[in-house]
Amino acid sequence: LSRSRISKLNYTKGKAVPDWNVSLNSTAYFLVNYNNSLFVGGAFTTVNSKNIKFFTLVDVNTGTIDTTFNLLLNNTVSMMHINSSYLYIGGSYSNR
């Protein structure tokens with residue numbers, strides 16, 4: 001299976017999960033899994049050919065992109081941390 005910059009692997013078999021197909025046009029720097037959601041931050045400007053820049057939310061089970069979750073950032077997300085109430089992001093963006 002061909003994957004572009006992000007993959008979900010079956011770690012016992014070492015193979016990509018075939019029905020989870022997310023594609024980024026550039027590097028993902030950080031992934032945080034929380035309550036069946038995968039927060040992805042990086043240098044990308046498209047996700048699955050949609051204009052989603054630098055930060056996205058993916059369903060960990062299906063690979064579906066939450067297109068309603070858009071932070072409208074103007075540059076790279078290079079770090080994330082989550083606790084029970086908040087998601088913290090850092091990077092070289094200047095708006096939010």
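Above this text sits the structure in question.
Note that this is a predicted model, so its numbers are computed, not measured.

A. Region of the structure containing the overall build of the protein. The secondary structure content of the protein amounts to 0 helices and 7 strands. Ordered by position from the N terminus, the helices and strands of the protein form the series β-β-β-β-β-β-β. At 13 Å, the protein has a C-alpha radius of gyration in line with the 12 Å of a compact globule built from 96 residues. Taken along its principal axes, the extent of the C-alpha atoms in the protein is 40 × 30 × 20 Å. Counted over contacts in the protein with a minimum sequence separation of 6, partners at least 24 positions apart contribute 26%.

B. Layout of the nonpolar core. I6, W20, V22, L38, V40, V47 and V58 are the most contacted members of the largest nonpolar core, which totals 13 residues. Counting residues in each nonpolar core, the second largest holds 9 residues, with F39, F54, F55 and L73 among its members.

C. Broad picture of the environment of F54. Structurally, the position occupied by F54 is in the loop between β4 (37–42) and β5 (55–59). F54 sits in the buried class, given a relative accessible area of 9%. It is 6.4 Å that separates the C-alpha atoms of F54 and N75, two residues lying 21 residues apart in sequence. In this structure F54 touches V40, G41, G42, A43, F44, T45, L73, N74, N75, T76 and V77, once residues within four positions along its chain are discounted.

D. Highlighting the environment of V22. By the element assignment, V22 lies in the loop between β2 (15–16) and β3 (28–34). Separated by 52 residues in sequence, V22 and N74 place their C-alpha atoms 21 Å apart. Apart from the residues within four sequence positions on either side, V22 is in contact with S4, I6, V47, N48, V58, G63 and I65.

E. Region of the structure containing unusual backbone geometry. Look at N35: it is not a glycine, yet its phi comes out positive at around 50 degrees. With respect to the helices and strands, N35 occurs in the loop between β3 and β4. You will see that N36, though not glycine, has its phi angle at about 65 degrees, which is positive. For N36, the location among the structural elements is in the loop between β3 and β4.

F. Broad picture of the pairing of β5. Within β5, 4 of the 5 residues are buried, which leaves it mostly tucked inside the rest of the structure. With 5 bridges joining them, β4 and β5 adopt antiparallel strand pairing. Looking at β5, one finds that F39 is bridged to L57.

G. Quick peek at a nonpolar patch on the surface. The grouping of Y29, F30 and M79 at the surface amounts to a nonpolar patch, some 300 Å² of accessible area in total. With respect to the helices and strands, the residue F30 is situated in strand β3. In this structure F30 comes out as partly exposed when scored by relative accessible area, which is 31%.

Scoring rules and cut-offs
- Residues numbered from 1 in each chain as written.
- Predicted model: local features only at pLDDT ≥ 70, side-chain atom pairs only at ≥ 80, totals over all residues.
- Heavy atoms only, no water.
- Helix = DSSP H or I, 4+ residues; strand = E, 2+ residues; numbered from the N terminus.
- Rg over C-alpha atoms; globule rule 2.2 N^0.38 Å.
- Contact = heavy atoms within 4.5 Å.
- Core = buried A, V, L, I, M, F, W, Y, C linked by side-chain atoms within 4.5 Å.
- Buried < 20%, exposed > 50% of the residue type's maximum accessible area, 1.4 Å probe, protein only.
- Pairing = 2+ DSSP bridges.
- Patch = residues over 30% accessible without salt bridge, like charges linked within 9 Å, V, L, I, M, F, W, Y side chains within 5 Å.
- Areas by Shrake-Rupley, 256 points an atom, 1.4 Å probe, with all protein chains shown as cover.
- Salt bridge = Lys/Arg side-chain N within 4 Å of Asp/Glu carboxyl O.

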